[in-house]
Amino acid sequence: MKWRFESGIPIYLQILERLRTDIASGTYPPGAKLPPVRELALEAGVNPNTMQRAFAELERDGIVYTQRTSGRFVTGDETALRQLRRSLSEGVVDEMCSRLVRMGMKKDEIVTAVREWTSENPENKEGPGSCLKANE
Amino acid sequence: MLTKLIGYEMKAFGRIILPLYAATIGLSFLIGLGIRFLPEKAYTNWVGGLVITTFSVLIVATMVMTAVLCVQRFYQNLLANEGYLMFSLPVGTHTLILSKALGALIWALLGCLAGIATMTVMALGAMPFREIGRALRDISMALNRLFLRDGLVQCLIWTLIAVLLFAVMLMQIYAALAIGHQWTAHRILGSVLAYFGIDILKSVAAGILTNIGVYTGFIGLLVSQAEADAGSAAWMAGVQTATVIQSLVLIVVFSAVTWFLLDRRLNLE
Amino acid sequence: MAVLECIDLEKWYGNVKALNGVNLALEPGRIVGLVGPNGSGKTTLIKLAQHLLTPTHGQILIGGMEPGAETKEIVSYLPDRDFLPGWMNVESLLDFYSDFYPDFDAGRAGQMLDALQIDPHRVFKKLSKGTREKVQLIMTMSRRASVYLLDEPIAGVDPAARDYILRTIISNYSENGLVLLSTHLITDVEPVLDEVVFLKQGHVELHENADALRERTGMSVDGYFREVFRC
């Protein structure tokens, strides 16, 4: 997937967001080995130090851990991953709901709309899961 | 580092000069064979004329190319775009200048050797071996007559002086190029003017020194000494020593000017 | 410890001040963008660091030393023009670099040239302009240097070549090396920069971490640059 960066937002934050999403969505499944910093930096076309900074942040949050000799891995800890999904989905829900409110929808209308959407789109294995979980 | 730099001078000159040497020497051998085996009138027809003309052109081309390369290797390799590479090498400016000067000197000497080789090879083609030995004896006797004393020693001294005079001219050219390089435009013109400017300075300096010599009576002393010694070995030695000292002084001055301008006032564009 | 340091650095060309009291300290392991409009002194600063010019006042130090033969051993420099001898072929250029720079990794350079399918027997001046630029970049980045000085490496190249150049820089600079990269095309290099130095009329207008600048101003480095240098 191509990396794109928006202006005016620190690049390490944008990388962080991207890596969090990739881990939450299972692009990097629990326990998986992550590519080396330099390789990923090259793929993204960013400075290795910036990539390193994003990784350090992920490590602090306990989503990623380093094994001294063999590299970096996604955590196998389900609670940490659930926490990650929740925090990501909170952002998405917050953005979606405030847009809907701006469009003039009432809160119960939003709930109805989400209910309708879930019944029309039966749960599948992947995809827009984070949105559903937030409304469970 | 210096030897590596000189190695690259060898390659840079060699790729142009060596084919010229080979062609000249090869052709001279053919001419020699022609002299030996062909009747004399073979040289008056157009083939003979063409061969001789080609031979002369090759000799002139070799000499001109050697001279051109001596200047061009300094200008193009140090003062034009390649200067960005050369002045980024982990060597001092003096090493760069020295490598150019020694490279040029080596090729000037190789040119002389190639000239001797050309003549020798032509002779080899032209005459039987017995006569070559006799010719060599003749040459050494002629040299002996020419230089009063032992021919070989004198020969070496004059070679040394020739090398020094060549070095003086070379360093004067380098200094002139370095001065011309200070301009932002018309650098070649600047260099040519600088060369003649240096000539003027040299004669002014010589004039001043002569005047000082006359006033202090030093010149008078020398002249009377020279009159006493005239034509003798001592007189010759005096002339040689004076030439060597003058050359060394000029080489030092020109080198210092070149070094200063290249190390402290480099102006690559 | 700063690996490149300028102290009250001034450079005059006749009566024109090209650099006017530059104070700067750059740390190893960073990629630093030296940005500024044409004539702001970028090339002058880089040439001073490589002893191709001498300061009028003040000092510039590389690893604590004044520029000279010793510093050139640890500095890898890419000028903003063709600088390799045109008559040499690519293979003899590799030999040349191996001869003079102990830190030159000929194997790595050879691999990169192979990847571009450049025939090592081709004479340098017969290569296309784009290929010549890539060869020069490969030679420069194949040294394990402490400082890389790259003068306008992406000026006038197409987007594909620009990507190639930036990737080559990121994947080859030694981890503890400083990369100082001058450019007036900031957008293109923004993602690879750790820090930016804005040069304005011969002095340092700003020296900041690139992400910190984006956070502080809410603008891209390029956007902020346009603000600072608005005519």
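For every chain, the first residue of its written sequence is number 1, and the numbers climb from 1 along that sequence. Ligands are numbered from 1 and chains lettered from A, in the order in which they are written. Reporting in this predicted model follows two pLDDT cut-offs: at least 70 for local features of residues, and 80 or more for side-chain atom pairs to be given and counted; totals over whole chains, interfaces and linings ignore these cut-offs and use all residues. For the side-chain quantities, the full set of heavy atoms in the structure was used; hydrogens and water were omitted.

**Observations regarding the domain arrangement of chain A**
All names here are of chain A.
Right, on to step 1. The domain architecture assigned to chain A consists of domain 1 (11-76) and domain 2 (79-134).
Right, on to step 2. What fixes the domain bounds is an automatic or database domain assignment. A C-alpha centroid distance of 26 Å is found between domain 1 and domain 2.
Right, on to step 3. The contact definition used throughout considers only heavy atoms, calling two residues in contact when any of these lie within 4.5 Å. On the side of domain 2, five residues touch domain 1, which itself brings ten residues to the contact.
Right, on to step 4. As used here, buried area is the combined drop in accessible area, with a 1.4 Å probe, of two parts when they are placed together. The contact between domain 1 and domain 2 buries some 620 Å² in all, and 78% of this surface belongs to carbon and sulfur atoms.
Right, on to step 5. Among the residues of domain 1 in contact with domain 2, Arg-20, Ala-24 and Ile-63 are the three that bury the most area, contributing 53% of the side total.
Right, on to step 6. We define a salt bridge as a contact between a side-chain nitrogen of Lys or Arg and a carboxyl oxygen of Asp or Glu at a distance within 4 Å. Where domain 1 packs against domain 2, one counts zero salt bridges.
Right, on to step 7. Here a polar contact is recorded for every N or O atom pair within 3.5 Å, except that within protein the pair must consist of a potential hydrogen donor and a potential acceptor, and residues adjacent in sequence are included only if both atoms are side-chain atoms. Seen at the junction of domain 1 and domain 2, the total is one residue pair in polar contact (both at pLDDT 80 or more).
Right, on to step 8. In this text, helices come from DSSP runs of H or I with a minimum length of four residues, and strands from runs of E with a minimum of two, each type numbered from the N-terminal end. Among the elements that line the side of domain 1 that touches domain 2, the one with the most residues is helix 1 (residues 11-25), at five residues.
Right, on to step 9. Three categories are distinguished: nonpolar for Ala, Val, Leu, Ile, Met, Phe, Trp, Tyr, Cys and Pro, charged for Asp, Glu, Lys and Arg, and polar for the others, with Gly belonging to the last. For the side of domain 1 that touches domain 2, the per-class residue count stands at five nonpolar, three polar and two charged.

**Side note on the confidence of the model for chain A**
The predicted structure's coordinates, where accompanied by low pLDDT, should not be read in detail.
Residue and element names in this part refer to chain A.
Right, on to step 1. As a per-residue measure, pLDDT reflects the predictor's confidence and takes values from 0 up to 100. The share of residues in chain A with pLDDT of 70 or more is 90%, and the mean pLDDT across the chain is 84.
Right, on to step 2. Averaged over each element, pLDDT in chain A is lowest for helix 6 (residues 129-134) (44) and highest for helix 3 (residues 48-60) (91).
Right, on to step 3. pLDDT under 50 marks residues 125-136. Its contacts with residues more than four places away, or in other chains, come to seven contacts.

**With respect to the sheet that holds strand 8 (residues 195-200) of chain C**
All names here are of chain C.
Right, on to step 1. An order of 5-6-7-3-8-9 is seen for the six strands of this open sheet, with the pairing classed as mixed. For this open sheet the edge positions go to strand 5 (75-78) and strand 9 (203-209), each flanked by a neighbour on one side alone. Mean inter-strand twist for the sheet, computed between neighbouring axes without regard to direction, equals 15 degrees.
Right, on to step 2. Two strands make a pair as long as DSSP finds a minimum of two bridges between them. The pairing of strand 5 with strand 6 (residues 147-151) spans four bridges and is parallel. Bridging across to strand 6, Tyr-77 finds its partner in Leu-149.
Right, on to step 3. With axes taken as lines fitted to C-alpha atoms, and helix axes fitted only over the stretch in contact, angles between N-to-C directions fall between 0 and 180 degrees. Relative to the sheet, helix 9 (residues 221-228) contacts strand 3 (31-35), strand 8 and strand 9, its axis offset from that of strand 8 by approximately 20 degrees.

**Notes on the interface of chain A and chain C**
In many reports, interface size means the accessible area that the parts give up when they come together.
Right, on to step 1. Contact with chain A, which involves 17 residues of that partner, is made by 21 residues of chain C.
Right, on to step 2. Around 1500 Å² of area is buried between chain A and chain C when both sides are counted, 48% of it from carbon and sulfur atoms.
Right, on to step 3. Interface area lost by chain A to chain C is led by Arg-38, Leu-42 and Asn-47 of chain A, which between them contribute 36%.
Right, on to step 4. Counting across the chain A and chain C interface gives one salt bridge.
Right, on to step 5. A salt bridge links Glu-175 of chain C to Arg-38 of chain A, with the shortest nitrogen-to-oxygen separation between them at 3.8 Å.
Right, on to step 6. At the junction of chain A with chain C, the criterion picks out eleven residue pairs in polar contact (both at pLDDT 80 or more).
Right, on to step 7. Those elements that place two or more of their residues in the side of chain A that touches chain C are helix 1, helix 2 (37-44) and helix 3 of chain A.

**Topic: the pairing of strand 3 of chain C**
All names here are of chain C.
Right, on to step 1. Working definition: with a 1.4 Å probe on protein chains only, accessible area under 20% of the residue-type maximum means buried, over 50% means exposed, and in between means partly exposed. Most of strand 3 is tucked away: five of the five residues are buried.
Right, on to step 2. Of the two faces of strand 3, both are covered, the one formed by Ile-31, Gly-33 and Val-35 as well as the one formed by Val-32 and Leu-34.
Right, on to step 3. Here strand 3 pairs with strand 7 (residues 178-183) via five bridges, running parallel. In the strand pairing of strand 7, Gly-33 is matched with Leu-181.
Right, on to step 4. As paired elements, strand 3 and strand 8 share four bridges and run parallel to each other. Across the sheet, Leu-34 pairs through a bridge with Val-197, a residue of strand 8.

**Some details on the side chain of Thr-95 of chain B**
Residues and elements named next belong to chain B.
Right, on to step 1. Relative to the helices and strands, Thr-95 is located in helix 4 (residues 93-126).
Right, on to step 2. Taking the relative accessible area as the measure of exposure, Thr-95 reaches 12% and is therefore buried.
Right, on to step 3. Here the side chain of Thr-95 touches His-94 through a polar contact of 3.4 Å, side chain to side chain.
Right, on to step 4. If we ignore the near neighbours within four places in the chain, the residues touching Thr-95 are Leu-2 and Leu-5.

**So, the domain arrangement of chain C**
All names here are of chain C.
Right, on to step 1. Per the domain assignment, the segments making up chain C are domain 1 (4-74 + 145-228) and domain 2 (84-144).
Right, on to step 2. The C-alpha-based centres of domain 1 and domain 2 are spaced at 24 Å.
Right, on to step 3. Taken together, the contact pairs 17 residues of domain 1 with 13 residues of domain 2.
Right, on to step 4. Summing both partners gives a buried area of about 1200 Å² for domain 1 against domain 2, and 65% of it is carried by carbon and sulfur.
Right, on to step 5. Among the residues of domain 1 in contact with domain 2, Ala-145, Tyr-164 and Asn-172 are the three that bury the most area, contributing 41% of the side total.
Right, on to step 6. On the surface where domain 1 and domain 2 come into contact, there are zero salt bridges.
Right, on to step 7. For the pair domain 1 and domain 2, the interface holds six residue pairs in polar contact (both at pLDDT 80 or more).
Right, on to step 8. For the side of domain 1 that touches domain 2, the secondary structure elements donating two or more residues are strand 6 and helix 6 (159-172).
Right, on to step 9. If one sorts the elements of the side of domain 1 that touches domain 2 by residue count, helix 6 sits on top with seven residues.

**Considering the confidence of the model for chain C**
Residue and element names in this part refer to chain C.
Right, on to step 1. A residue-level look at chain C finds 100% of positions with pLDDT of 70 or above and a mean pLDDT of 93.
Right, on to step 2. The element-level mean pLDDT for chain C is lowest in helix 7 (residues 186-189), coming to 88, with strand 5 highest at 97.
Right, on to step 3. Complex prediction metrics read pTM 0.87 and ipTM 0.95.

**Some details on the interface of chain C and chain B**
Right, on to step 1. In this assembly, 26 residues from chain C lie in contact with 25 residues from chain B.
Right, on to step 2. Summed over both partners, the interface of chain C with chain B buries about 2400 Å², with 61% contributed by carbon and sulfur atoms.
Right, on to step 3. When the buried surface of chain C facing chain B is broken down by residue, Leu-52, Trp-87 and Phe-100 of chain C rank first, second and third, together holding 29% of it.
Right, on to step 4. Here chain C and chain B share zero salt bridges between them.
Right, on to step 5. Our count for the contact surface shared by chain C and chain B stands at eleven residue pairs in polar contact (both at pLDDT 80 or more).
Right, on to step 6. Listed by contribution, the elements that provide at least two residues to the side of chain C that touches chain B are helix 2 (69-72) and helix 3 (90-100) of chain C.
Right, on to step 7. A breakdown of the residues in the side of chain C that touches chain B according to their chemical character gives 14 nonpolar, five polar and seven charged.

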